[in-house]
Amino acid sequence: QVQLVEHGGGLMQAEGSLRLSCVASGLLFNLKAMGWYRQTPGKQRELVAGITRDSTTDYADSVKGRCTISRDNAKNTVYLEMNNLKLEDTGVYYCVAAGPGEVELGRSKYWGQGTQVTVSS
């Protein structure tokens, strides 16, 4: 059974920083692309950042330059670090993994339960 467990959400200060982590189990982590989505109020769920199994990264325009996704294959963990937080970064952040038989983040994905991040001024 695949499990993705996120850690690190909570109440954050604007212009501050956050670090989320996601521990994966039940899958071949080193073969899977991983990523972080977020659901912000009134908007569609969006991909914030993705990282391939070869550690190639990609970011949403809204977080480029202030966000870093990384992975530690020895720990089956993917991280999301973001600085200069903005109020619009508030939302539920979901860890995702490429789905069954997939290596890239396509239509089929595994999802974590999500962790709430609230940015306040």
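In case you missed it, the structure is sitting above this.
Attention here is on the structure that accompanies the text. Throughout, a residue's number is its position along its own chain's written sequence, starting from 1. Confidence filtering applies because this is a predicted model: local features only for residues at pLDDT of at least 70, side-chain atom pairs given and counted only at 80 or more, and all residues used for totals across whole chains, interfaces and linings. The side-chain numbers reported here are obtained from all heavy atoms of the structure, hydrogens and water having been left aside.

### Points about the pattern of salt bridges
Thinking step 1. For salt bridges, the criterion is a side-chain nitrogen of Lys or Arg within 4 Å of an Asp or Glu carboxyl oxygen. Per the stated rule, a full pass over the model turns up 5 salt bridges.
Thinking step 2. Taking the shortest distance from any N to any O, the salt bridge between Lys-64 and Asp-61 comes out at 3.3 Å.
Thinking step 3. Between buried and exposed lies partly exposed: a residue is buried under 20% and exposed over 50% of the maximum accessible area for its type, with that area taken using a 1.4 Å probe on protein chains only. With a relative accessible area of 66%, Asp-61 lands in the exposed category.
Thinking step 4. Bridged by salt links that share partners, the residues Arg-38, Glu-46, Arg-66 and Asp-89 form one connected network.

### Remarks on the pairing of strand E5 (residues 46-51)
Thinking step 1. Pairing geometry for strand E4 (residues 34-39) and E5, over 5 bridges, is antiparallel. Paired with Gly-35 across the bridge in E5 is Gly-50.
Thinking step 2. The antiparallel pairing of E4 with E5 creates a hairpin that spans 6 residues between the two strands, and Gly-42 there sits at a positive phi of about 80°.
Thinking step 3. Joining the antiparallel neighbours E5 and strand E6 (residues 57-59) is a turn of 5 residues, in which Ser-55 adopts a positive phi near 70°. Two strands are said to pair when DSSP picks up at least two bridges between them. A run of H or I in DSSP counts as a helix once it spans at least four residues, and a run of E counts as a strand once it spans at least two, with each numbered from the N terminus.

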